[in-house]
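Results of the structural survey
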Amino acid sequence: MYEGILQDLIDELGKLPGVGPKMAQRIAVHILQSDPETPKKLAELLLILQDRVNFCEMCGTVSEEAQCRICRDPRRDVSQICVVEESKDVIAIERSREFNGRYHVLGGSINPSQDIGPGQLRIKELITRLQDGAVQEVIIATDPDMEGEATSTYLARHLGPLGVTVSRIATGLQMGGDLEYADEVTIGRALSGRRIISQGGIS
Amino acid sequence: MPTYRDQAIVLHTNKLGEADRIITMLTRNHGKVRAVAKGIRKSTSRFGARLEPLNLVDVQLHQGRNLDTVTGVETVAAFSAQASQDYSIWTAGLAMAETTDRIISADHEPANAQFLLFYGGLKALVEEAHSPGLILDSFLIRSMSIAGWAASFDRCAKCDATGPHRWFSVTSGGALCSECKIPGSVTPAPETISLLGALLAGDWASADLSLDKYRKEASGIVAAHLQWHLEREVRSLKHVERRKDETVG
C-alpha cells in the first residue's frame, strides 16, 4: 500500500465505475510518471466538466449549450422523435447515420426493483413535446432487455391516445451471428418481425 | 462439485464491469445462487435474452469461491418476454421476484417449496389465470407461510378461538378476538378477512368474485404483514399496477 497523496488518488480512482484497485493503481502510477502537462490538462478538464457540461433543455442529452447540436439543427426532421434511455444511446444511433429526426433521453428505464418508476423518468417532458402537433411518430429505442421492453409497453399505452404513431425499433438476429446460437426469444422476435423480400406471383 | 446443473428462475441481475452481469437466481435444488454471466451484455453473447429476470432456465454453473460462473443456459419458459408486454403482469412478477430474494437470505440453501410457488405464480400471471394483483397477494401470503410467518385469518392469532374475528394485528400475526385485541389493531371489513383466507387457501372461486375495495384493503394488509416480518421495504411493491378493469367492484 502506498502512502499519502498517491494512495489518496488510488482510492479516488477506485471509486469510478469499472475501475478496480489494480487498475486504479496503474492509472495513478502512470499519471505520476507522465510529463507534467498530462495531469495538468486532465485536472483542468475535471474542474470545468460539471460547470460547463449540462443537459439539453429540449431532449435531455449531454450538451454544453442550452440546446444540444441536434435540437438546434434546422435540417433535422421535427416529425420524428427517437426515445432512448441514455445520452450514450444517442451517440450509438447517430453512428448508424440512418436517423434524421430528433431525440428524447428518458434518463433510464422503469425498474421497480431499483425503485425507479415512470415518475423518475423524463416522460412528462416527452408528452409536453408532443403537444404542438409537429411530431408524427415516436420511435421507442429503449434497450432490448426486460426493463426496456416494459418501458416501451408503458410509453406506447400513454402516447398512443395523443394521436402520434408509436413504433418500436426492430429486435432480432444480429448481423454476423449464427442462427443456431440465438436464444428462443430473439428467434421468436425475428420471426414475428420478418419482412417480405419477394411477393409470390409478381414477375 | 466444481460444475453442477439445475433449473432456476432468474430473480434479478446487476451489471458487473464492462460487459458482465451478476445473475441472482432461485434454483430448484441448490437454493438461491449468485453467479457471473461473462460477456452477457455484448450483442454477440451466447446467453442472449435467456438470463432476463423471471425466466425459467436450465443452467449449468461452475462453483466459485464467492460467486459461481454461468457456463451454459437453455430456456425452459421465457416468462420475461410475455410479462414485459403487460405492465401489470410485469410489475407483479418483479414484486414476486424481489420478495423471494428478500425471504431467502442465505445462498445455496435448498428452497424447493418457494421455487415451486414462484414458478406457479409466474405461470398463473402470464397465463392471466386471475387478476395479477390477486395472484401477487396470494403469492405473498403463501411465501410468508413457507417462511414460517403464516398469518391466521380464521382463528384468533393469540388464543386460537374460532372466528371470524373483527380485529387484525400485523404484529400479533393475524386476526384477533375481542378478548385478545391489542392497541393499534385494525378493523378490516369481514369480506377482506375472508378474501385473505381465500388467497391463502387457494380458493380462487371466492377470490375472483371479491370487490375492488376489499382487494385494496387486503393488499395493504398483506404488504404491511410482509414488510413487518422482513424488517425492510420491498421496493417493487409500490410500483405494482393493479388493474381496475378486471375487478368486480
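Residues numbered from 1 in each chain as written. Chains lettered and ligands numbered in written order. Predicted model: local features only at pLDDT ≥ 70, side-chain atom pairs only at ≥ 80, totals over all residues. Heavy atoms only, no water.

Along its length, chain B carries 7 helices and 7 strands. In chain B, the order of α-helices and β-strands from amino to carboxyl end is β-β-β-β-β-α-α-α-α-β-β-α-α-α. In summary, chain B has a C-alpha radius of gyration of 20 Å against a globular reference of 18 Å for 249 residues, a match within 12%. Expressed as lengths along the three principal axes of its C-alpha atoms, the size of chain B is roughly 60 × 40 × 25 Å. Within chain B, buried positions represent 53% of all 249 residues. (Helix = DSSP H or I, 4+ residues; strand = E, 2+ residues; numbered from the N terminus. Rg over C-alpha atoms; globule rule 2.2 N^0.38 Å. Buried < 20%, exposed > 50% of the residue type's maximum accessible area, 1.4 Å probe, protein only.)

With that settled, the discussion passes to the interface of chain A and chain B. Interface extent is often summarised as the accessible area lost during association of the parts. At the junction of the two partners, chain A supplies 23 residues and chain B supplies 30 residues. Summing the contributions of chain A and of chain B, the shared interface buries around 2300 Å²; its carbon and sulfur component is 53%. When the buried area of chain A at its contact with chain B is split by residue, Pro112(A), Asp115(A) and Met146(A) rank highest and sum to 28% of it. Of the charged contacts, one joins Arg157(A) and Glu241(B) as a salt bridge, the two residues approaching to 2.5 Å between their closest N and O atoms. Inspection of the region where chain A meets chain B yields 10 residue pairs in polar contact (both at pLDDT 80 or more). Ranked by residue count, the leading element in the side of chain A that touches chain B is helix α7 (residues 146-159) of chain A, at 7 residues. Partitioned by chemical class, the residues of the side of chain A that touches chain B number 10 nonpolar, 5 polar and 8 charged. (Contact = heavy atoms within 4.5 Å. Buried area = accessible area lost by both parts, 1.4 Å probe. Salt bridge = Lys/Arg side-chain N within 4 Å of Asp/Glu carboxyl O. Polar contact = N/O pair within 3.5 Å; in protein donor to acceptor, adjacent residues only side chain to side chain. Nonpolar A, V, L, I, M, F, W, Y, C, P; charged D, E, K, R; others polar.)

Take the sheet that holds strand β5 (residues 137-140) of chain A next. Strands belonging to one sheet form pairs held by backbone hydrogen bonds; the direction of such a pair is parallel or antiparallel. Residue and element names in this part refer to chain A. Pairing is parallel across the open sheet formed by 4 strands, whose spatial order is β4-β3-β5-β6. A strand with exactly one partner marks an edge of an open sheet, and here the two such strands are β4 (102-105) and β6 (165-168). Each strand axis lies, on average, 25° off the axis of its neighbour in the sheet, ignoring direction. Here strand β3 (residues 80-84) pairs with β4 via 4 bridges, running parallel. Opposite isoleucine 81, over in β4, you have arginine 102 as the bridge partner. Packed onto the sheet, helix α5 (residues 87-96) meets β3 and β4 and runs at close to 155° relative to β4. (Pairing = 2+ DSSP bridges. Axes fitted to C-alpha atoms, helices over the stretch in contact; angles between N-to-C directions.)

Residue and element names in this part refer to chain B. Taken domain by domain, chain B consists of domain 1 (3-80) and domain 2 (86-246). Its C-alpha centre places domain 1 at a distance of 29 Å from the equivalent point of domain 2. Residue-level contacts link 21 residues of domain 1 with 22 residues of domain 2. Contact between domain 1 and domain 2 buries roughly 1800 Å² in total, counting both sides, with carbon and sulfur atoms accounting for 68%. Remark: the boundary between domain 1 and domain 2 carries 2 salt bridges. (Domains from an automatic or database assignment.)

One pass over the structure, following the stated rule, counts 18 salt bridges over all chains. Arg76(A) is paired through a salt bridge with Glu94(A); the nearest N and O atoms lie 2.8 Å apart. Here Arg76(A), found in the loop between α4 (69-72) and β3, pairs with Glu94(A), found in helix α5; they are 18 residues apart in sequence, far enough to count as distant. Here Arg189(A) and Glu149(A) are joined by a salt bridge, their closest N and O atoms 3.4 Å apart. Placement of Arg189(A) in helix α8 (residues 184-192) and of Glu149(A) in helix α7 is noted, with a sequence separation of 40 residues between them. Because the salt bridges share partners, they merge into one network encompassing Asp115(A), Glu233(B) and Lys238(B).

Turning our attention to the sheet that holds strand β5 (residues 68-77) of chain B. Around the barrel, which closes on itself, the 5 strands sit in the order β1-β2-β3-β5-β4 (chain B) with mixed pairing between neighbours. The mean inter-strand angle of the sheet, taken between neighbouring strand axes irrespective of direction, is 50°.

Residue and element names in this part refer to chain A. Taken together, Leu45, Leu47 and Ile48 make up a surface patch of nonpolar side chains, about 300 Å² in accessible area. Positionally, leucine 45 belongs in helix α3 (residues 37-52). Taking the relative accessible area as the measure of exposure, leucine 45 reaches 46% and is therefore partly exposed. (Patch = residues over 30% accessible without salt bridge, like charges linked within 9 Å, V, L, I, M, F, W, Y side chains within 5 Å. Areas by Shrake-Rupley, 256 points an atom, 1.4 Å probe, with all protein chains shown as cover.)

Residue and element names in this part refer to chain B. By size, the foremost hydrophobic cluster in this structure holds 70 residues, and its most contacted members are Leu54 and Phe118. Top element by residues in this core is helix α2 (residues 87-103). It accounts for 9 residues. Residue contacts for phenylalanine 118: discarding those within four places in its chain leaves Ile9, Leu11, Leu54, Gly93, Met96, Ala97, Thr100 and Phe139. Core analysis: the second largest hydrophobic core is formed by 16 residues, Tyr4, Ala37, Val57 and Leu61 among them. (Core = buried A, V, L, I, M, F, W, Y, C linked by side-chain atoms within 4.5 Å.)

This part is about the packing of α2(B) against helix α3 (residues 112-126) of chain B. All names here are of chain B. Relative orientation of the contacting elements α2 and α3 amounts to 175°, with a least axis distance of 10 Å. By the criterion of interaxial angle, the relationship of α2 to α3 is roughly antiparallel. Between α2 and α3, the residues in contact are Ile89, Ala92, Gly93, Met96, Ala97 and Thr100 and Gln114, Phe118, Gly121, Leu122 and Leu125, respectively. In terms of residue class, the contact of α2 with α3 is built from 7 nonpolar, 4 polar and no charged. (Parallel < 35°, antiparallel > 145°, perpendicular 65-115°, else oblique.)

On to the packing of helix α4 (residues 132-146) of chain B against helix α5 (residues 190-201) of chain B. Residue and element names in this part refer to chain B. With their axes 8 Å apart at the nearest point, α4 and α5 run at an angle of 70° to one another. In terms of axis orientation, α4 runs roughly perpendicular to α5. Listed contacts from α5 to Leu134, Asp137, Ser138, Ile141, Arg142 and Ser145 of α4 are Leu195, Leu196, Leu199, Leu200 and Ala201. Taken together, the residues that form the contact of α4 with α5 break down as 7 nonpolar, 2 polar and 2 charged.

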